[in-house]
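Architecture at a glance
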Amino acid sequence: MNDIGVDFGCKNNIVTSENKSFNCYIEETERLKKLQRKLTKQKKSSNNYNKTKLKIRQQYQKMYNQKLDAANKVVHNLLQHKNVYIQDEQLSAWKEDGH
């Protein structure tokens, strides 16, 4: 467990040289989408409007925590190795090509 290579792919966000893949993409939940639709139909500054905004805020906090947890798991896995090698490519130009 000395060296490991890290590659950024299309299907999986991160793939290691040991063929471990990490997908760090967290989608919006159906509950969040439903709450946002509900919020648009409510009267602004009403108690129910404020309650719905609080629930939406909590859902965004939950998504943030999930993203942070996924990132910490990836970093923890990479720190088990002595050397970590990362690909040296221009990812921004690669995304512009439609990948």
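Just so we're clear, the structure is a prediction, and the values are computed from it rather than from any experiment.

**Side note on the confidence of the model for the protein chain**
Summarising the model, the protein chain shows a mean pLDDT of 86, and 85% of its residues fall at 70 or more. Within the protein chain, helix 1 (residues 30–40) carries the highest mean pLDDT (96), whereas helix 3 (residues 91–96) carries the lowest (66).

**So, helix 1**
Taken together, the buried positions of helix 1 are occupied by Leu32, Leu35 and Leu39. For helix 1, the angular spread of the buried residues around the axis is 60°, confining them to a single face. Turned more than 90 degrees from where helix 1 packs its buried face, Glu30, Lys34 and Thr40 sit exposed. Buried residues along helix 1 sit against helix 2 (47–78).

**Re the environment of Lys20**
Tracing the chain through its elements places Lys20 in the loop between strand 2 (14–16) and strand 3 (21–22). Note: C-alpha distance between Lys20 and Val6 (14 residues apart in sequence) is 9.7 Å. Ignoring any residue separated from it by four or fewer positions in sequence, one finds Lys20 in contact with Ile14, Val15 and Asn77.

**Some words on a positive patch on the surface**
A cluster of basic residues, Arg31, Lys34, Arg37, Lys38, Lys41, Lys51, Lys55 and Lys62, forms a positive patch at the surface. Put simply, the parts of the chain that give the positive patch at least two residues each are helix 1 and helix 2. The element contributing the most residues to the positive patch is helix 1, with four residues. Counting through the fold element by element, Lys51 comes out in helix 2.

**Quick notes on the pairing of strand 1 (residues 3–7)**
Side chains Ile4 and Val6 of strand 1 all project onto a buried face; the interleaved residues Asp3, Gly5 and Asp7 project onto a face where none is buried. One ladder, built from four bridges, connects strand 1 with strand 4 (residues 83–86); its direction is parallel. Bridge pairing links Ile4 to Val84 in strand 4. In this sheet, strand 2 lies alongside strand 1 in antiparallel orientation, the contact comprising two bridges. The residue bridging Asp7 from the neighbouring strand is Val15, located in strand 2.

**A few points about the sheet that holds strand 2**
On the basis of which strands lie adjacent, the open sheet formed by four strands has the order 3-2-1-4 and mixed pairing. This sheet does not close on itself; its edge strands, each paired only once, are strand 3 and strand 4.

Parameters and conventions
Residues numbered from 1 in each chain as written. Predicted model: local features only at pLDDT ≥ 70, side-chain atom pairs only at ≥ 80, totals over all residues. Heavy atoms only, no water. pLDDT = per-residue confidence, 0-100. Helix = DSSP H or I, 4+ residues; strand = E, 2+ residues; numbered from the N terminus. Buried < 20%, exposed > 50% of the residue type's maximum accessible area, 1.4 Å probe, protein only. Arc of directions from axis to C-beta. Contact = heavy atoms within 4.5 Å. Patch = residues over 30% accessible without salt bridge, like charges linked within 9 Å, V, L, I, M, F, W, Y side chains within 5 Å. Areas by Shrake-Rupley, 256 points an atom, 1.4 Å probe, with all protein chains shown as cover. Salt bridge = Lys/Arg side-chain N within 4 Å of Asp/Glu carboxyl O. Lys, Arg positive; Asp, Glu negative; His and termini not counted. Charge placed at Lys NZ, Arg CZ, Asp CG, Glu CD. Pairing = 2+ DSSP bridges.

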